[in-house]
Structures are given as structure tokens and as C-alpha cells.
Amino acid sequence: MGAKDGFIQFKRETPVSRDPNERIGDYREIYEPFSGEKLNHQAARCMDCGVPFCHNGCPLGNVIPEFNDAVFNKEWGLAISILRSTNNFPEFTGRICPAPCEASCVLGINKDPVAIELIEKSIAEKAYELGLIKANPPANRTGKKVAVVGSGPAGLAAADQLNQAGHEVTLFEKDAKVGGLLRYGIPDFKLEKWVIDRRTELMLEEGVIFSTNTEIGKTIQAEEILKNFDAVVLSTGAQQPRSLNIKGDKLKGVHFAMEFLGKQNQVNGSEISENPISAKGKHVIVIGGGDTGSDCIGTSNRHGAVSITQLELLPKPPKQRNFMNPWPEWPMTLKTSSSHEEGAERMFSILTKEFTGNEAGEVTGLTLVDIEWKEKGGRMTFEEILGTERTVPCDLAFIAIGYMGPAQNGLLRAFEVEAMENSLPKSKNYQSTNSKVFLAGDMRRGQSLVVWAISEGREAAVKVDEYLMGTSSLPQKDESFFQVEEQIAG
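Below, the structure is looked at part by part.

Conventions used here
- Residues numbered from 1 in each chain as written.
- Predicted model: local features only at pLDDT ≥ 70, side-chain atom pairs only at ≥ 80, totals over all residues.
- Heavy atoms only, no water.
- Helix = DSSP H or I, 4+ residues; strand = E, 2+ residues; numbered from the N terminus.
- Buried < 20%, exposed > 50% of the residue type's maximum accessible area, 1.4 Å probe, protein only.
- Contact = heavy atoms within 4.5 Å.
- Pairing = 2+ DSSP bridges.
- Axes fitted to C-alpha atoms, helices over the stretch in contact; angles between N-to-C directions.
- Disulfide = S-S within 2.5 Å.
- Arc of directions from axis to C-beta.
- Left-handed = near helix turned anticlockwise from the far one by under 90°.
- Nonpolar A, V, L, I, M, F, W, Y, C, P; charged D, E, K, R; others polar.
- Salt bridge = Lys/Arg side-chain N within 4 Å of Asp/Glu carboxyl O.

**Structural notes on the overall build of the protein chain**
Right, so step 1: What the protein chain contains, in helices and strands, is 20 helices and 18 strands.
Right, so step 2: Viewed in the frame of its principal axes, the protein chain has a C-alpha envelope of about 70 × 60 × 50 Å.
Right, so step 3: Buried positions account for 51% of the 490 residues belonging to the protein chain.
Right, so step 4: Of the contacts formed within the protein chain by residues at least 6 apart in sequence, a portion of 68% connects residues at least 24 apart.

Set out below in C-alpha cells:
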């Protein structure tokens, strides 16, 4: 694959980001263009490793060595054909996927892994540039009608696949524009929204019907959808945020992360004039050390926050793998995002105790304490460190500690779908307890990655197609994968 000694000749290289002091003045993507020759060198680093563990690392099963080889040989038509055979939206994943494939790259045993995510994005953009990605409506229609509820990555993937199978697909979205988490959760500096618009325009040309500003139970009833469609796919995501549940968490200025990020994306998309939650001139505290917390940091910096502090309950991860976290496991190492580079204090092993406020009911501080993690009875637990409790200034707080499952808004009940004790809907091979209703994405498996959502949409589409037609011609993973997935889904 690639050059025989490419992994020896060339070091890993990725695009240079714009200067942090410059980029916090806008919401454009942060990376500079990457030259064709440099990309060729990165593709050349892919080894003929025999067993490509990157396949196992990718939830979509992307055929990575083969498309790397095509890029190395500048065979762009072949590269996009290989990539599109497993991934509906490489222009999304090439920008925002955390790249579990790279964590599994064999080269990563003792060198920097192949820059797979960069190559994936480059294939997609080159294919658009050369006109290799264009509308491709199905040659024949089946006469079957499918409703997809929720237009995030899972819903878009399911709609795309089912439309290609020849069914008439209507995608219902409660917001003004299509995209779900892609549009209203991920900041523009990571994913500019013209990327979504470009793809959805193609899907429109291919026959997918988008019904925006349509909320089930308000604009349209579930009974009407069940009556008028032959099958339904629910893919509304895990929208129920996990609460902090400490004293003062209802004070003004304490928000869930998506309240802030979603409104900012609406401002950037000209849907509203200003964000009702402003970080300008404020001491901001972000509770939660994941990607969503990082997005709050980047957005707060662009607002002009006075200070930003990110708190994490867990200990500070090591900079490199240790013997308890060997390749090809996901590396539990310290991650520094582009938002961290723009400015924020990061604190680990911190327990939040109480928000304090003023007479107007506004948050003014956060009481916290250092903790020490210890192993007891075969499990890790923590103890507060005496003498470390203190109250720090806090004018604005964002809670970014994950999601519990589907929004508790009666949607599952309206579609006659039973839920488990953990609030996730019951399912078997993507089919719910209502045989006509299928499930995909975070609402089925719980909070996960965008790449998993696309995989979920694709696999749910196969099961819907089989339900409607008896068999399916859509590509799918083997049955052993479904057995493992059902164990994961409970």
C-alpha cells in the first residue's frame, strides 16, 4: 500500500491551524489548506500491514488501506468510490470524527499513525471539486413510503440509504434547518454549515423530502405518521442532558452546554440576531472535560470571556499510553483541543459542591474541592482532600457531563415504543417493540460518536428495507456484528 517505505520516509503531518489570536475573532474552520504533495506523502505512510486494525477501529468499517493507496496513486474516482461504499458523509467525518481508526493503526504501535481523517476529508473535497459527487436518484421506486424523524447524522444516513433503495423518504425535523447535532451542536469553527447544505441539496435532488419546523406532537401527530407511512425510523438523538444535581444549579447563569452552543449556531446561521447567553466579560466555568466542554471553551473565547476554567472529575490522563492501555485500545491520554490552545485553565480531580449566587438569583461563584482517586474493593472511588475546599468566581457555568438518552417528551410513547429502565427504547436488530418503527443513532445506543450515528442509520435502513421488501440489496455488516450490537444496546 502506498510507497513501500513511506512510513519510514515521511513523518505524520496534518494541516497547520490559524493563529489562535486571529481565529477567535471569527467562526470559520481553523485549518489552513493542505498541499497535494503533502497529502500524497501522508497516504504513502500507510503500511502493507497484513491485518489492518484500522478497519476494526472504524464503526463504519471503512476500507482504509485501499482508499489510501488510491490517494497515493491519485486515483480520485476510485478513492471516493471506496470511501462512499461504507460512509455516506465523509465530508462530515473527515472534519469532526475523533478518528478511532487512527488509534488502531498498526503504525501507531511505535510511530505516529497514518493521518486517516485528513485523507478522508481530502478525498471528499477533491471528489466535489472534480464533480465526482453528484446527485444520483434511484432508477426505480418501490411505492413504499418511509418517515425518518430527526435529521442528525443517523437520520440523514438512514434517509440517504432508504432513498437509494427506491423508497419515498420524508425526513421530519423540528428545527428550521436540517442537520440536528451537526448543525445545532457542533460549532462552525469545527464544521462550517455550508458543508451540510451542500450535501442536503444533493439529497433533495435525489428525491429525499425534507419537512423542517415539524415537531411530532405539535405540528404533526405520531398517529398520522403511522397511518400514512409504511415504516418509521426514529433518530432524534440523546437529547436529555445529565444534570449536575448540586445546590444552586438552577441559578441564572447555569446552563446545559447545548443551550449555549445551539443558540450560537443559530446566530451564525442568521436564524436569530444574538445569543441570549453571552460569555462576554464573564468568568466562565465549564464542567466536563469532553468535546462538548471544549466546544464551550472555544465559543466563550470568541465571545470575549474574561477567564475560562474547565473542570474534570477524573484524574489528569498521562501524555502517553501506559501498560494498562495498550495498542490498539483507544488511547486514554491527555487530549489538547484547538479550543484549549485558544486559552483556558484545565483542572482535574475536582468535585463541584455548590453554586452560590446573589439576591437577584444570579450565579456568582462555585464551591469546589480537590479529590484523590483510590482503588477499593476492585473499583475506583474518590475521597475529598481536607483543606482544599474553596469558592471560585463564576458568572456563567456550562454543564457538559453527557446525556441520559432520548428527550423525555413523550415521543416514544406516541409511537407505541417501549423503553428500558435506563430510558433507552427497547430494540432488536434496530426494530422497536412497535414492528413498524425502527430506531437509529444515539437514541438507540446512547450518547456516542458521529461516526457511530452514521453507521446506525445505515444499518437501520437495511432492516427497514428487509421489513418492507423481504430482502435488502443495501450493504450491511455481517450478522455477528448485530449480535454484539444487541448486547451493547441492552
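**A few points about the sheet that holds strand β6 (residues 254–256)**
Right, so step 1: With parallel pairing, the 5 strands of this open sheet are ordered in space as β6-β14-β7-β8-β9. What marks the edges here is a single partner per strand, and that holds for β6 and β9 (345–347). Across the sheet, the mean angle from the axis of one strand to that of its neighbour is 20°, orientation sign disregarded.
Right, so step 2: Docked against the sheet, helix α14 (residues 257–268) engages β6 and β14 (396–399), running at close to 75° with respect to β6.
Right, so step 3: Across the sheet, helix α15 (residues 291–303) lies against β7 (283–287), β8 (307–311) and β14, angled at about 175° from β8, the strand it touches most.

**Notes on the state of the cysteines**
Note: disulfide means a covalent bond formed between the sulfur atoms of two cysteine side chains.
Right, so step 1: One pass over the structure, following the stated rule, counts 0 disulfides.
Right, so step 2: Considering cysteine sulfurs only, C58 is the nearest to C101, which forms no disulfide, with 5.9 Å between them.
Right, so step 3: Here C101 falls in the buried class, since its relative accessible area comes to 7%.
Right, so step 4: Not part of a disulfide, C105 finds its nearest cysteine sulfur in C54, a span of 6.5 Å.

**Notes on helix α6 (residues 76–84)**
Right, so step 1: For α6, the full list of buried residues reads W76, A79, I80, I82 and L83. All buried residues of α6 project into a common sector of 160° when viewed along the axis, lining one side.
Right, so step 2: At its buried positions, α6 is contacted by α3 (36–44), α5 (64–72), α7 (90–96) and α9 (116–129).

**Some words on the packing of α3 against α5**
Right, so step 1: Contact geometry of α3 with α5 gives a least axis separation of 8 Å together with a crossing angle of 140°. The chirality of how α3 crosses α5 is left-handed. Contacts from L39, N40, A43 and A44 of α3 reach α5 at N68, V71 and F72.
Right, so step 2: In the contact of α3 with α5, the residues fall into 5 nonpolar, 2 polar and no charged.

**Thoughts on the pattern of salt bridges**
Opposite charge on two side chains permits pairing when their charged atoms draw close.
Right, so step 1: Under the defined criterion, the tally for this structure stands at 30 salt bridges.
Right, so step 2: Across the pair R199 and E91 runs a salt bridge whose closest N-O atoms are separated by 2.8 Å. Highlighted residues: R199 in helix α12 (residues 194–205) and E91 in helix α7, separated in sequence by 108 residues.
Right, so step 3: On the basis of relative accessibility, which here comes to 4%, the residue R199 falls in the buried class.
Right, so step 4: Here E456 and R445 are joined by a salt bridge, their closest N and O atoms 3.9 Å apart. Of this pair, E456 sits in helix α19 (residues 450–469) while R445 is found in helix α18 (residues 442–445), placing the two residues 11 residues apart along the sequence. For the residue pair E456 and R445, the accessibility class agrees, reading buried in each case.

**A closer look at the side chain of D26**
Right, so step 1: Mapping D26 onto the fold places it in the loop between α2 (20–23) and α3.
Right, so step 2: Excluding residues that lie within four positions of it along the chain, D26 makes contacts with R18 and R302.

**Examining unusual backbone geometry**
Peptide bonds are mostly trans, and most non-glycine residues show a negative phi.
Right, so step 1: Cis geometry is found at the peptide bond from W327 to P328, where omega equals 5°.
Right, so step 2: Take P328: it is sitting in the loop between β8 and α16 (338–341).
Right, so step 3: Its identity is not glycine, yet N213 carries a phi of approximately 50°, on the positive side.
Right, so step 4: Along the chain, the position of N213 falls in the loop between β3 (209–211) and α13 (222–228).
Right, so step 5: Of note in the backbone geometry, N429 takes a positive phi value of approximately 50° without being a glycine.
Right, so step 6: Locating N429 in the fold gives a position in the loop between β16 (427–428) and β17 (431–432).
Right, so step 7: By relative accessible area, which is 24% here, N429 ends up partly exposed.

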